[in-house]
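Secondary and tertiary structure notes
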Amino acid sequence: DSGVTQTPKHLITATGQRVTLRCSPRSGDLSVYWYQQSLDQGLQFLIQYYNGEERAKGNILERFSAQQFPDLHSELNLSSLELGDSALYFCASSEGGTPKGPNYGYTFGSGTRLTVV
Amino acid sequence: AQSVAQPEDQVNVAEGNPLTVKCTYSVSGNPYLFWYVQYPNRGLQFLLKYITGDNLVKGSYGFEAEFNKSQTSFHLKKPSALVSDSALYFCAVRDSNSGYALNFGKGTSLLVTP
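Conventions we followed
Residues numbered from 1 in each chain as written. Chains lettered and ligands numbered in written order. Predicted model: local features only at pLDDT ≥ 70, side-chain atom pairs only at ≥ 80, totals over all residues. Heavy atoms only, no water. Contact = heavy atoms within 4.5 Å. Buried area = accessible area lost by both parts, 1.4 Å probe. Salt bridge = Lys/Arg side-chain N within 4 Å of Asp/Glu carboxyl O. Helix = DSSP H or I, 4+ residues; strand = E, 2+ residues; numbered from the N terminus. Nonpolar A, V, L, I, M, F, W, Y, C, P; charged D, E, K, R; others polar. Buried < 20%, exposed > 50% of the residue type's maximum accessible area, 1.4 Å probe, protein only. Pairing = 2+ DSSP bridges. Disulfide = S-S within 2.5 Å.

1. Quick notes on the interface of chain A and chain B
- Taken together, the 22 residues of chain A in the interface contact 19 residues of chain B.
- A combined buried area of about 1,600 Å² lies between chain A and chain B, and 59% of that area is made up of carbon and sulfur atoms.
- If you sort the residues of chain A by the area they bury against chain B, Leu43, Tyr106 and Phe108 of chain A come out on top, with a joint share of 34%.
- Counting across the chain A and chain B interface gives 0 salt bridges.
- Breaking the side of chain A that touches chain B down by element, the ones donating at least two residues are β4 (31-38), β5 (42-50), β6 (53-57) and β9 (87-94) of chain A.
- Within the side of chain A that touches chain B, the residues separate by chemical class into 12 nonpolar, 8 polar and 2 charged.

Set out below in structure tokens:
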């Protein structure tokens, strides 16, 4: 167990639908990062939140959005789903900012496998 | 943006032989570099990182990596490969232009044969 919890592990849904993926960061980590892993695009950074606020955006589609709640868990919302959105979605957490000690790092959850049919 | 490149899609090595998985980086300033491993249908597991200090970094499962500033490389190495090392390996760099998110290489598939 990495300390980062992602639910659900698997999700199958139809095109046009909306889903929500959930991530609980490792205890003490303030930053949450969302990634999409697909065969053709590799590991793509989507979006980052730090202590409740959006900090950076990567290759995130307008149909996708995220938020981080006061308890620091984060949700990634995917809407108007298309077949091409089928992928493994990872959440990672870190303490955020510049390294403050030797334990600085990024911890990944086990991912949510989304299949759009 | 800060980036890394993994020039090999696949590396094949016989069990017991040394292995190297290559990574080069393009970074302005001091690089923060990481190696992760992904087993089938699993998440990313941290192997090792370079932030500062010794150029030879030792990590999990007997892996190590050498930071070479002049060649802008951070190759992953292991003296003696195991069949169980067969997996997908990712090099990553912390991108200060993207909220300190990690930018990943495309990954290298390592196959260790008995």
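Having seen the model, we can carry on.
2. Things to note about the pairing of β4 of chain A
Residues and elements named next belong to chain A.
- Burial runs high along β4: 8 of the 8 residues are buried.
- Side chains Ser31, Tyr33, Tyr35 and Gln37 project from β4 onto one buried face, and the interleaved Val32, Trp34, Gln36 and Ser38 project onto a second face that is buried too.
- Pairing between β4 and β5: 8 bridges, direction antiparallel. In the strand pairing of β5, Ser38 is matched with Gly42.
- Summarising the sheet, β4 and β9 pair through 7 bridges and their orientation is antiparallel. Bridge pairing in β9 places Gln36 opposite Tyr89.

3. Side note on the state of the cysteines
- This model, assessed by the stated rule, comprises 2 disulfides over all chains.
- Here Cys23 of chain A engages in a disulfide with Cys91 of chain A; their sulfurs sit 1.8 Å apart. Across the S-S bond of Cys23 of chain A and Cys91 of chain A the torsion is about -45°, and the bridge reads as left-handed. Of the two residues, Cys23 of chain A sits in strand β3 (residues 19-24) while Cys91 of chain A sits in strand β9, which places them 68 residues apart along the sequence.
- A sulfur-sulfur separation of 2.0 Å characterises the disulfide bridge that pairs Cys23 of chain B with Cys91 of chain B. Between Cys23 of chain B and Cys91 of chain B, the disulfide has an S-S torsion of -60° and is therefore left-handed. Residue Cys23 of chain B is located in the loop between β3 (19-21) and β4 (24-26), and its partner Cys91 of chain B is located in strand β10 (residues 87-95); the two are separated by 68 residues in the primary sequence.

4. Brief notes about unusual backbone geometry
- In this structure, Pro8 of chain A follows Thr7 of chain A across a cis peptide bond, with omega equal to -10°.
- Take Pro8 of chain A: it is sitting in the loop between β1 (5-7) and β2 (10-13).
- One non-glycine residue, Asn51 of chain A, lies in positive phi territory at about 50°.
- With respect to the secondary-structure elements, Asn51 of chain A resides in the loop between β5 and β6.
- Under the relative-accessibility criterion, Asn51 of chain A is labelled partly exposed at 48%.
- Phi at Thr72 of chain B takes a positive value of approximately 45°, unusual for a residue other than glycine.
- Here Thr72 of chain B shows up in the loop between β8 (64-68) and β9 (73-78).
- Relative accessible area serves as the criterion here: at 32%, Thr72 of chain B is assigned to the partly exposed category.

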